[in-house]
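Spelled out from the first residue to the last, the chains are:
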Amino acid sequence: MNTGQDTLTYVYAIARQTQPLRELLAGLRGVGRAPVVLLAADSGDGSTPVGGTGPAALALVVSPVPQQDFNETALKDRFEDLEWLEEVARAHHEVVQAVAARETVLPLRMATVYQDDGRARRALTEQQPAFARRLAELDGHTEYGVKVYLDPSAPPAAAPTGDAGLPGPTTPGKAYLQRRKAQHHARETVYQQAQQAAEAVAVIAANYTPHRVRHAPQSGALAGPREDRLENVLNDAYLVPDADALRFRTDIEQAAREFPDIRIEVTGPWAPYSFAMTPDQAADPAGSVGQGP
């Protein structure tokens, strides 16, 4: 039991209490290799029921973390430490994915913390009807990502012949202008293909799900010898029924063959990070340090 003296309560996700989930968590370690446990909502009579599918059966997936590293002031500095941030993000993700493989889950933001178990429990109790409804909506669904990449520096597929409309003999200056014109044309062509690819993805996905979240394109280089030039121009997330997941992925991958100059990547299955919360809940899914009665 975390009383909030030297540690804070780190919350990974919300899930229904089940015996299989308890068995899973018995061997799971989270941030800082701390043990991960279930923290049940208050039932109103001091008890914390186990099992079932109603609102009172919900629990937070939590572990203790050092107060000195996760208090509000420390986090401002810690978020500038990329090595620390990557370690926490990986641990957070591994816990959420492990739970998602066993039960429907509502993932929370990385570094969602409470001063103690009591405050975390009360926050869950106050919002448990909404969380229970969202869990029911997510039952039997999984998140998949679809990303479209292009190479804006790729050479034109075929070099232009002649003077490209420029009169007179070819000169170094004219040749330079021809190359720039060809490069501009190639760039326009590849962006047009990317737009067509994005439209094709949307049409295919609409056959399987109405639930899409459009994330901002990712920045930064991809790993690989050629991929350091690739630009992410589409970064969508889809909530796909589990029964349709294989066909969804197959149809997207088949469509990708129609765009040889564009890279279309399907990722997942993921816990429903993009669909866990309604807009109101997303603004404050489970509170933060110092919040709560």
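Before any of the text, the structure's been laid out above.
Residues numbered from 1 in each chain as written. Predicted model: local features only at pLDDT ≥ 70, side-chain atom pairs only at ≥ 80, totals over all residues. Heavy atoms only, no water.

A. Fine view of the sheet that holds strand S1 (residues 7-16). Spatially, four strands are ordered S2-S3-S1-S4 in an open sheet, and the strand pairing comes out antiparallel. Each edge of the open sheet is held by one strand with a lone partner, namely strand S2 (37-40) and strand S4 (105-114). Averaged over all adjacent pairs, the angle separating strand axes in this sheet is 30 degrees, with direction ignored. Where S1 and strand S3 (residues 58-66) come together, nine bridges link them in antiparallel fashion. Each residue of the ladder has a partner; that of valine 11, found in S3, is valine 62. (Pairing = 2+ DSSP bridges. Helix = DSSP H or I, 4+ residues; strand = E, 2+ residues; numbered from the N terminus. Axes fitted to C-alpha atoms, helices over the stretch in contact; angles between N-to-C directions.)

B. Inspection of helix H7 (residues 245-256) at higher detail. For H7, spanning twelve residues, the distance from its first C-alpha to its last is 17 Å, which sits close to the expected 16 Å at 1.5 Å a residue. Listed as buried for H7 are Ala245, Phe248, Ile252, Ala255 and Ala256. In an axial view of H7, the angular spread of the buried residues amounts to 110 degrees, which keeps them on one side of the axis. (Expected span 1.5 Å × (residues − 1). Buried < 20%, exposed > 50% of the residue type's maximum accessible area, 1.4 Å probe, protein only. Arc of directions from axis to C-beta.)

C. Focus on the nonpolar core. Membership of the largest hydrophobic core comes to 27 residues, with the highest contact counts inside it found for Tyr10, Tyr12, Leu25, Val31, Val61, Phe70 and Val99. Of all the elements in the fold, those that place two or more residues in this core are S1, helix H1 (19-25), S3, helix H4 (82-100) and S4. Counting residues per element, this core draws most heavily on H4, at six residues. When neighbours within four sequence positions are excluded, valine 31 is seen to be in contact with Tyr10, Tyr12, Ser63, Val65, Phe70, Val88, Ala91 and His92. In terms of nonpolar packing, the next biggest core, distinct from the first, is built from 24 residues, Val148, Ala198, Tyr238 and Ala256 among them. (Core = buried A, V, L, I, M, F, W, Y, C linked by side-chain atoms within 4.5 Å. Contact = heavy atoms within 4.5 Å.)

D. Representation of H4. Helix length check: H4 (19 residues) gives 26 Å between terminal C-alpha atoms against 27 Å at 1.5 Å per residue, within 8%. Taking the backbone nitrogen of glutamate 83 as reference, a side-chain oxygen 3.3 Å away marks aspartate 81 as the first, capping residue of H4. (Polar contact = N/O pair within 3.5 Å; in protein donor to acceptor, adjacent residues only side chain to side chain.)

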